[in-house]
Amino acid sequence: NLPAPQMIANLKNKDRLLEALIQSVAKLENAGADFIVIACNTVHYFLPELRKAVMIPIVSIMEEVGKMVLKNDIKRVGLLATKTTIKQKLYESTLSKSGIEIIVPNEKSQDKVLKIIAKVIAGRVQENDKIYLKSAIKNLKVKGAQAVILGCTELPLIISQKDSTIPLFDTLQILAEVAVKKSMVRI
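Here's what I pulled together on the structure shown here. Note that the coordinates shown come from a computational prediction; the quantities given were computed from them, not determined experimentally.

**Thoughts on the overall build of the chain**
Part 1: Within the chain one finds 8 helices and 6 strands.
Part 2: The linear arrangement of helices and strands in the chain, starting from the amino end, is α-β-α-β-α-β-α-α-β-α-α-β-β-α.
Part 3: The globule rule puts the C-alpha radius of gyration for 187 residues at 16 Å, and the 16 Å found for the chain is close to it.
Part 4: Taking the principal axes of the C-alpha coordinates as reference, the chain spans close to 45 × 35 × 25 Å.
Part 5: Scored against the burial criterion, the 187 residues of the chain give a buried share of 43%.
Part 6: For the chain, restricting intrachain contacts to residue pairs at least 6 apart in sequence, the fraction spanning at least 24 positions comes to 68%.
Part 7: Within the structure as shown, the chain displays about 10,200 Å² of accessible surface, and the carbon and sulfur contribution to it stands at 54%.
Part 8: Across the chain, the centroid of the 28 positively charged side chains sits 4 Å from that of the 18 negatively charged ones.

Here you go:
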């Protein structure tokens, strides 16, 4: 657990953050971890460097979500995420290899999604935030999305499948299930 709230909007101080992340994964490896799970989509920006820093596997949330999208035969998927996740094409770089097209909100909508994510982190969510996310999902559907990735682990705290007419991929849930399966194999 290494809070990095500044990453949701941009990559300021990325060298210091990378250094702290490398120290953290090294500590986990030295403590005897069999594998590492990073429960933050945006921090996966650093995944290549983190994987080089340790000998144990680091599970990729993007790769695991990609497997679920493929399993569900989705070819066009919407993405609600932080600006960094979208601008750095963290999902696109993984899913496009499988022929999956990523559809993102327009800039104005993305700014609003980012504000909602910040409100979740601060514990100040309001009902209109959920209403807005439902609208954003509908807009992605109109643009051709067959499903939507909740590409920030804070989003499932305010919106779930019951709020959508199209499938939602809860990245935190998918990652948790993979971690449990990997743990069970090691017992």
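**Notes on the sheet that holds strand β5 (residues 147-151)**
Part 1: Within the open sheet, the 4 strands sit side by side as β4-β3-β5-β6. Their pairing is parallel. Each edge of the open sheet is held by one strand with a lone partner, namely β4 (101-103) and β6 (168-170). Ignoring which end each strand starts from, the neighbouring axes of this sheet average 30 degrees apart.

**Topic: the packing of helix α6 (residues 107-122) against helix α7 (residues 127-142)**
Each pair of packed helices gets described by two things: the angle between the helix axes and the distance between those axes.
Part 1: Two elements in contact, α6 and α7, have axes whose closest approach is 11 Å; the angle formed by their N-to-C orientations is 140 degrees. Viewed along their axes, α6 and α7 adopt a mutual orientation that is oblique. The interaxial crossing formed by α6 with α7 has left-handed handedness. Residues S109, K112, V113, I116 and K119 of α6 form the contact with α7, whose participating residues are D129, Y132, L133 and A136.
Part 2: Its residues assigned to classes, the contact of α6 with α7 comprises 5 nonpolar, 1 polar and 3 charged.

**Describing the nonpolar core**
The nonpolar side chains of a soluble globular protein tend to be buried with one another.
Part 1: Counting 23 residues, the largest nonpolar core has V65, V69, V77, Y91, L95, I149 and F169 as the members making the most contacts within it.
Part 2: Taken together, the elements giving at least two residues each to this core come down to α3 (61-71), β3 (76-81), α5 (90-95), β5 and α8 (171-186).
Part 3: Residues in contact with I149, not counting those within four places in the same chain, are V65, V69, V77, G78, L79, L80, Y91, L95, F169 and T171.
Part 4: In terms of nonpolar packing, the next biggest core, distinct from the first, is built from 19 residues, L150, C152, L155 and I159 among them.

**Points about the pattern of salt bridges**
Part 1: Summed over the entire model, instances satisfying the criterion amount to 8 salt bridges.
Part 2: Salt-bridge contacts for K130 lead to D163; the nearest nitrogen and oxygen are separated by 3.5 Å. Taken as a pair, K130 in helix α7 and D163 in the loop between β5 and β6 lie far apart in primary sequence, 33 residues in all.
Part 3: A relative accessible area of 15% places D163 in the buried class.

**Quick word on the packing of aromatic side chains**
Part 1: Summed over the entire model, instances satisfying the criterion amount to 1 aromatic pair.
Part 2: The residue whose ring lies beneath K112 is Y132, and the NZ or CZ to ring-centre distance is 5.7 Å.
Part 3: Above the face of the F35 ring, K182 is positioned so that its terminal group lies 5.3 Å from the ring centre.

**Comments concerning unusual backbone geometry**
Trans is the prevailing form of peptide bonds, just as negative phi is the prevailing case for residues other than glycine.
Part 1: Positive phi, normally seen in glycine, also occurs at D73, with a value near 55 degrees.
Part 2: Among the secondary structure elements, D73 is positioned in the loop between α3 and β3.

Rules used in this analysis
Residues numbered from 1 in each chain as written. Predicted model: local features only at pLDDT ≥ 70, side-chain atom pairs only at ≥ 80, totals over all residues. Heavy atoms only, no water. Helix = DSSP H or I, 4+ residues; strand = E, 2+ residues; numbered from the N terminus. Rg over C-alpha atoms; globule rule 2.2 N^0.38 Å. Buried < 20%, exposed > 50% of the residue type's maximum accessible area, 1.4 Å probe, protein only. Contact = heavy atoms within 4.5 Å. Areas by Shrake-Rupley, 256 points an atom, 1.4 Å probe, with all protein chains shown as cover. Lys, Arg positive; Asp, Glu negative; His and termini not counted. Charge placed at Lys NZ, Arg CZ, Asp CG, Glu CD. Pairing = 2+ DSSP bridges. Axes fitted to C-alpha atoms, helices over the stretch in contact; angles between N-to-C directions. Parallel < 35°, antiparallel > 145°, perpendicular 65-115°, else oblique. Left-handed = near helix turned anticlockwise from the far one by under 90°. Nonpolar A, V, L, I, M, F, W, Y, C, P; charged D, E, K, R; others polar. Core = buried A, V, L, I, M, F, W, Y, C linked by side-chain atoms within 4.5 Å. Salt bridge = Lys/Arg side-chain N within 4 Å of Asp/Glu carboxyl O. Phe/Tyr/Trp six-rings, centres within 6.5 Å; stacked < 30°, edge-to-face > 60°. Lys NZ or Arg CZ within 6 Å of the ring centre and 35° of its normal.

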